[in-house]
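A look at the structure
Residues per chain, in single letters:
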Amino acid sequence: MSTGAWTRWCERLEEAWNRHVRYPELYRQLDAMRADFQVRTAWVDELTDEEVEEMQRGLAACIDAMQDTASEVVERPEGTP
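Owing to the predicted nature of the structure, the values given are computational and were not obtained by experimental measurement. (Residues numbered from 1 in each chain as written. Predicted model: local features only at pLDDT ≥ 70, side-chain atom pairs only at ≥ 80, totals over all residues. Heavy atoms only, no water.)

A short note on the overall build of the chain
Definition in use: Each helix corresponds to a stretch of at least 4 residues labelled H or I by DSSP, and each strand to a stretch of at least 2 residues labelled E; elements are numbered beginning at the N terminus. Under the scheme applied here, a residue whose accessible area is under 20% of the maximum for its type counts as buried, over 50% as exposed, and between as partly exposed, the area being computed with a 1.4 Å probe on protein chains only. Accessible surface area values rest on a Shrake-Rupley calculation with a 1.4 Å probe, where residue burial reflects the displayed protein chains alone.
If you tally the helices and strands in the chain, you get four helices and zero strands. Shown N-terminal to C-terminal, the secondary structure of the chain runs as helices and strands in the order α-α-α-α. Within the chain, buried positions represent 0% of all 81 residues. With the model as given, the accessible surface of the chain reaches about 7,800 Å², and the carbon-plus-sulfur share is 58%.

Structural notes on a nonpolar patch on the surface
To keep it simple, the criterion reads: Here a patch means residues that are over 30% exposed by relative accessible area and free of salt bridges, tied together within 9 Å if like-charged and within 5 Å if nonpolar (Val, Leu, Ile, Met, Phe, Trp, Tyr). For this document, the term salt bridge refers to a Lys or Arg side-chain nitrogen within 4 Å of an Asp or Glu carboxyl oxygen.
Residues Trp6, Trp9 and Leu13 make up a contiguous nonpolar surface patch of roughly 350 Å² in combined accessible area. Structurally, the position occupied by Trp6 is in helix 1 (residues 3-22). You can call Trp6 partly exposed: its relative accessible area is 46%.

Brief notes about the environment of Arg28
For the record, the criterion: Residues adjacent in sequence count toward polar contacts only when both atoms are side-chain atoms; beyond that, a polar contact is any pair of N or O atoms within 3.5 Å, and within protein one must be able to donate a hydrogen and the other to accept it.
Structurally, Arg28 can be placed in helix 2 (residues 24-40). Arg28 sits in the partly exposed class, given a relative accessible area of 49%. At a separation of 2.6 Å, a polar atom in the side chain of Arg28 contacts the side chain of Glu25.

Topic: the confidence of the model for the chain
The cut-off we apply is this: Confidence of the prediction at every residue is given by pLDDT, a number between 0 and 100.
Looking at the chain as a whole, the pLDDT averages 84, with 84% of positions reaching at least 70. At the level of individual helices and strands, the chain shows its lowest average pLDDT in helix 1, which scores 80, and its highest in helix 4 (residues 49-72), which scores 91.

A closer look at the packing of aromatic side chains
Applicable threshold: Between rings of Phe, Tyr and Trp, where Trp is taken as its six-membered ring, a pair exists when centres lie within 6.5 Å; planes separated by under 30 degrees are stacked, by over 60 edge-to-face, and by other angles tilted.
This model, assessed by the stated rule, comprises one aromatic pair. Judged by centre distance (5.3 Å) and plane angle (25 degrees), the ring pair of Trp6 and Trp9 falls under stacked. Taken as a pair, Trp6 and Trp9 lie in helix 1 at a separation of three residues, close to a single helical turn.

So, the pattern of salt bridges
If you walk through the whole model with that rule in mind, you get three salt bridges. Of the charged contacts in the structure, one is a salt bridge between Asp36 and Arg40, with a shortest N-O distance of 3.1 Å. You can see Asp36 and its partner Arg40 sitting in helix 2, four residues apart, about one turn around the helix.

What follows is the structure, given as structure tokens:
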């Protein structure tokens, strides 16, 4: 690692640490949200490969339908209902 790269890495680490020290309440909230997210999405880890593939197919079909609908919408000038 070059000296410049090492210096930039150290500066980034120092900035991250300073943000952590400066905003402890925000980081505490972020940690709580991260833990809550992991709890709410833990069921995904229990899916079988077949279930994941089925969900992906369903999601792809849903996205395609939304894109088709969006392309059919007529754009109106601003201010018209």
